[in-house]
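Chains, contacts and geometry: an overview
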Amino acid sequence: AKMSLMNPKVIREKVLERTIDETAMKAVEHCLKEWIETVWDRDEMQDPRCKWCSSGLSCSRCTMGPCRIIPERNRDRGVCGADADLIVARNLLDTLATGAASHSDHGREIVETLLLVGKGETNDYMITDRKKLFALAEEYNIPTNREAIEVAHDLALAYLEEFGTVKGEIELTRRAPTATHAIWEETGILPRSVDREIVEAMHRIQMGVGAHYGNILLHGLRTALADGWGGSMMATEVSDVLFGTPVPCESQINLAVVKEDMVNISLHGHNPMLSEMIVNAAEDEAMQKRARDAGAAGINLVGLCCTGNELLMRKGIPMAGNHFNQELVIATGALEAMVVDYQCIFPSLPRTASCFHTKIISTSPKAKIPGSYYMEFEPSTARETAEAIVRTAIDNFKLRDPEKVFIPGKPVAVQAGFSVEAITAALGGTLQPLVDAIAAGKIRGAVGIVGCNNPRIKHDYGHVTLSKELIKNDILCVETGCAAVASGKAGLLTPDAAFLAGDGLKSICKAVGIPPVLHMGSCVDCSRILVLLAALGNTLGVGIHQLPVAGAAPEWYSQKAVAIGSYFVASGVYTVLGPMPHISGSPAVVDLLTNGLEGIVKAKFAVEPDPVKAAELIIAHIEEKRKALGI
Ligand code: XCC
Ligand code: SF4
């Protein structure tokens, strides 16, 4: 190995400030020594940040600008006359709408696949959860005394309508408790359709439309609801119909799931449509033989980010890690291919891969990436493409340089697969035991911890610290996305982790045999958290805002996380963000989001980067809600 030019002490310091994931610590050290650039290096190179952009006070929406608000130089308005509040609010709506569009466009692709199945135009996909399909159809009064594919056809069309302009209300919002739905109606934020709210958001950020920051932000909440109770919810439900509703399963997690003697393929991104097909293709005996003929012991699929979560939840596919593990898994030197669809994929991955034999394979016409191999995925030829990808990876095995292989540590055991259906089944068929445990105070409440990694916060520290603090205080954690993966790597996703919980939560975990932190899926599966909240509210006959629950996004970075946080709050869930959004330039916007919303949707945001302090805020909130309920 070549000598590193960096002082070992500096390397040690950097490792300690970057991550708490034990395999990642070794991998980061390796990257620093080998001069493999990672997200943290680029983050350092970006400092110092522009203070106007950081506070949301710059606008470049039109060519009269770009404009910055600099009050100390009497620059209070942009060229068009927009003030700080308007510029900040419009920027935030832009961010939120981008996130809502990302989830919902993914959702639409899944629904379109259901339509293909319904039309009998694909042999590669089928109805896996017929019972769920029929239950969903009944919500839309679609007759179910027929063949499943006829029902699938009609449900797909009914769902596609939810994206359109003809209906005045997204049907799935009816799942919310009456009191919650009434708040949306009264405040005028009941979403009419998915695309409509997103398009209207784009309209509203055009120069010279609205000038009232509050009105703009309320539309943000409506757009977020269209995502949570619309686009994301449809993505989750239809993925369950096509690929199966998750049930508890066991697997392994962290960078060490990569195997030295196998052909390793990582599946990265968000949409399960291609990756499910790759799982099937890799199981094929002909493929296994090809791998053996190439000198490997077999084919090892590993997940990353939310594609990984989808596969872990339904198939028990091992998980290599979350957002900040994506470069590190390439740095193991043992990855034959990384298959990506879209969202959260660092554009720099082909650069990282160029240090190794690893092929980055992009697959979506929406997400072409220079330096990657492009193998276009279409539902009608899914299996064929999946096989071609697996073959490409196998054939790449011989190009691996054994000298460069560095697989750090050992994998950690996890349990995942906690759909609402699975949680209900684990409790004996109804949520009543959970409600009883909350009423009796054994469980004080529940918190949805979601979202990403962000160099502002030490990798995984926010998620893991917050989760540990909450379970210690008898608060059940339900997690998705990169938050759930962080908890998995830290060992919190096993029933054995109950020893870290308070006595009440511990006794429930022991009795039911569940972990104190439940992995509920990918980021679009935050909709499962909404469904769970709705079911709890309906069981108790109260609005979601009355429940002893909260949300948190301790390490969020993404526009999508803004949409999720906003639909949590709009649904009545107090939500604590780790990193501050780019809004500090408008005290009025900050005050509305962290204070004023309470009077409108009966919930608000808080920002607290320190997870120990965030836990204190959440615990106080939960106790307050318990008191109001008289429990
Ligand atoms: Fe992306 Fe979904 Fe964030 Fe992770 S949690 S960094 S959005 S992969 Ni969604
Ligand atoms: Fe400047 Fe207004 Fe144009 Fe924004 S919209 S760039 S504030 S002139």
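Positions within a chain are numbered from 1, following the residues in the order the chain's sequence is written. For naming, the first written chain is A and the first written ligand is 1, with later ones following in the order written. Since the coordinates come from a predicted model, pLDDT governs what is reported: local features require at least 70, and pairs of side-chain atoms require 80 or more to be given and counted, while whole-chain, interface and lining totals use all residues. With hydrogens and water stripped out, all remaining heavy atoms of the structure feed into the side-chain values.

1. Quick look at the packing of aromatic side chains
Aromatic ring pairs are described here by two measures, namely the spacing of the ring centres and the angle between the planes. How we decide: Centre distance within 6.5 Å is the pairing criterion for rings of Phe, Tyr and Trp, where only the six-membered ring of Trp is used; planes under 30 degrees apart are then read as stacked, over 60 as edge-to-face, and the remainder as tilted. The way it works is that DSSP assigns letters per residue, a run of H or I at least four long becomes a helix, a run of E at least two long becomes a strand, and they are numbered from the N terminus.
Throughout the structure, instances matching the rule amount to six aromatic pairs. Ring geometry for Tyr140 and Tyr159: centres 5.4 Å apart, planes at 75 degrees, overall edge-to-face. Here Tyr140 is found in the loop between helix H6 (130–139) and helix H7 (148–161), whereas its partner Tyr159 is found in helix H7, with 19 residues between them in sequence. One aromatic cluster is present, formed by Trp40, Phe324 and Phe346 through successive ring pairs.

2. Here's the deal with the site of ligand 1
Where we set the bar: Note on definitions. A residue lies near a molecule or strand when any single heavy atom of the residue is within 4 Å of it. Just so you know the grouping, Ala, Val, Leu, Ile, Met, Phe, Trp, Tyr, Cys and Pro go in nonpolar, Asp, Glu, Lys and Arg go in charged, and all remaining residues, Gly too, go in polar. Each domain's limits were defined by an automated method or a database of domain assignments.
The environment of ligand 1 is formed by His270, Cys305, Cys306, His323, Cys344, Gly451, Cys452, Cys482, Cys523, Tyr557, Ser558 and Lys560. Tallied by class, residues from the shell around ligand 1 come to seven nonpolar, four polar and one charged. Here the shell around ligand 1 gathers at least three residues from each of two domains, domain 3 (253–404) and domain 4 (415–629).

3. Considerations on the coordination of the nickel atom of ligand 1
Selection criterion: Think of the donor list as every N, O and S atom within 2.8 Å of the metal, or within 3.2 Å for Na, K and Ca; water never makes the list, so a site can look incomplete.
With respect to protein ligation, the nickel atom of ligand 1 binds only Cys523 (SG), at 1.8 Å. Among the secondary structure elements, Cys523 is positioned in the loop between strand E13 (517–521) and helix H22 (526–540).

4. With respect to the packing of helix H5 (residues 84–118) against H7
Formally: Helix axes use the C-alpha atoms of the stretch in contact, all axes being lines fitted to C-alpha atoms, and the angles between their N-to-C directions lie in the range 0 to 180 degrees. Each helix crossing is assigned a hand: it is left-handed if the near helix lies turned anticlockwise from the far helix by less than a right angle, otherwise right-handed if that turn is clockwise. Any two residues whose heavy atoms approach within 4.5 Å are treated as being in contact.
Between H5 and H7, the least distance of the axes is 7 Å, while the angle of their chain directions is 150 degrees. Once H5 is placed against H7, the crossing between them reads as left-handed. In this structure, H5 contributes Arg108, Val111, Glu112, Leu114, Leu115, Val117 and Gly118 to the contact, and H7 contributes Ile149, Ala152, His153, Leu155, Ala156, Leu157, Tyr159 and Leu160. Here the residues of the contact of H5 with H7 are counted per class, giving 11 nonpolar, two polar and two charged.

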